[in-house]
Amino acid sequence: MPTPDGFLHRAPSDVPYFSADGETYLAQTQLRDLTKRRPLRVLSEEDFAFWQTYGYVVVKQAVPAEAARRLLDFAWDFQGLDPGRPDTWYTEREFRSDLDRDLYVYGFVEAYHHQLIWDSRQTRRVYDAFVDVWDCEELWVTLDRLNLNPPNVGNRDRKLIAPTEKGFDIELHWDVDTSLGVPPQRVQGIIALNDTAPELGGFQCCPELFERFERWRALQPDGRDPIRPRVDRDEMPVVRPELEAGDLLIFNGHLAHGVAPNTSADGVRAVQYLSMMPALETHEALRRSRVESWRTLTTPAWNPTLLGDAVTHESLRYGKAELNELGAKLLGLEPWHGRDRSDAPREEICAESV
């Protein structure tokens, strides 16, 4: 991401959200305790209650199933893999780094700006679902990638990644530091590109831990791991929500979650990573970098885990995606309220002030 400028920037909304990086936010009220000011657009009252209680919600057919399947076809084609020939899924290759190897094992597809990816981002039903959970209309969409994870065998076996005792664990982790006194707010999401099945692995989470987190935390020893939870899975089961192609799953960064391995014989887990956060229109360096990444199809620079394709970068394959009116605002190309950004104030605040 761009070099931090020392400021927390406020999103241009009546809900006070502040952030320095457009990923984690300080707010007066945690999302799990938010009282809605705007009417729900996509979620039902029951959906919203479930979201606040258990930390995730599924939006059925957020994009058409056929659109999801076209994106799945693109994921195969972009990587030069034949869906009908499993031998092509495990071709030996040189890795640029340990991270490059890990991302390959996990099935990440390093494309960020193809038209089909942007078509999902600028779908009104997807946007409205994120408006519901943030209670904020002025949002930016994350410039993220796809996942196409075949069975975890051969050179995609997770055993190739050295296990660790602390910190990030692909199978169950938090996206935020849960030891902080003022917990940052973060929201993530995935769109299923095919129907899920238990043996395909994929997204899993611990909703009971989310619901009972404060009571659980009070009983934990000093120095507990703030990223990797240690829970009794009989008491707090890890579940895998069922998704169909086109479904959107939105989850809170305070929900312990992860990705289970693909243990099937010949199936794949396929999703698009897609989230929306309150826009930071006064963070000009971040805004410009987002627009430049879209305009030139360059790899987004603010996320060090985005490496670009090792064989043929997407900037050498495609032209820039066309944006509709909503997409231009979600990128940051156009402002949400028609203000002159050069006159927009920046606010330097500390956590105590929110």
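Quick caveat: nothing in here was measured; it's all calculated off a predicted structure. (Residues numbered from 1 in each chain as written. Predicted model: local features only at pLDDT ≥ 70, side-chain atom pairs only at ≥ 80, totals over all residues. Heavy atoms only, no water.)

**What about unusual backbone geometry?**
Phase 1 of the analysis: The backbone phi angle of Gln61 is positive, close to 50 degrees, even though this residue is not glycine.
Phase 2 of the analysis: Inspection of the secondary structure puts Gln61 in the loop between β4 (56-59) and α2 (65-79).
Phase 3 of the analysis: The exposure class of Gln61 is partly exposed, given its relative accessible area of 35%. (Helix = DSSP H or I, 4+ residues; strand = E, 2+ residues; numbered from the N terminus. Buried < 20%, exposed > 50% of the residue type's maximum accessible area, 1.4 Å probe, protein only.)

**What to know about the pattern of salt bridges**
Phase 1 of the analysis: Scanning all chains against the criterion turns up 22 salt bridges.
Phase 2 of the analysis: We note a salt bridge from Arg93 to Asp100, for which the minimum N-O separation is 3.4 Å.
Phase 3 of the analysis: Looking at Asp100, the relative accessible area reads 5%, which means it is buried.
Phase 4 of the analysis: Among the ionic pairs, Arg287 bridges to Glu284, the shortest N-O distance being 2.7 Å. One end of the pair, Arg287, and the other, Glu284, are both in helix α8 (residues 284-296), 3 residues apart, so they sit about a helical turn from each other.
Phase 5 of the analysis: Residue classification places Arg287 among the buried positions, given a relative accessible area of 9%.
Phase 6 of the analysis: Among the ionic contacts, a cluster of salt bridges with common partners joins Asp14, Arg38, Arg41, Asp128 and Glu137. (Salt bridge = Lys/Arg side-chain N within 4 Å of Asp/Glu carboxyl O.)

**Here we look at the sheet that holds strand β3 (residues 26-27)**
Phase 1 of the analysis: Read from one edge of the open sheet, 3 strands run β1-β2-β3, paired in antiparallel fashion. The two strands at the open ends of the sheet, each matched to only one other strand, are β1 (9-10) and β3.
Phase 2 of the analysis: Where strand β2 (residues 17-19) and β3 come together, 2 bridges link them in antiparallel fashion. Bridging from a neighbouring strand, Phe18 pairs with Leu26 of β3. (Pairing = 2+ DSSP bridges.)

**A closer look at the sheet that holds strand β10 (residues 248-252)**
Phase 1 of the analysis: In space, the 6 strands of this open sheet follow the order β4-β10-β8-β12-β7-β5, with antiparallel pairing throughout. Bordering the open sheet on either side are β4 and β5 (108-109), each of which pairs with just one other strand.
Phase 2 of the analysis: As paired strands, strand β8 (residues 187-192) and β10 are joined by 5 bridges and run antiparallel to one another. Its bridge partner lying in β10, Gly189 is registered against Ile250.
Phase 3 of the analysis: Sitting on the sheet, α2 is in contact with β5, β7 (146-149), β8 and β12 (269-273), with an inclination near 70 degrees to β7.
Phase 4 of the analysis: Across the sheet, helix α5 (residues 124-134) is in contact with β4, β8 and β10; its angle to β10 comes to roughly 20 degrees. (Contact = heavy atoms within 4.5 Å. Axes fitted to C-alpha atoms, helices over the stretch in contact; angles between N-to-C directions.)

Geometric descriptors of this kind do not, in isolation, establish any biological role.
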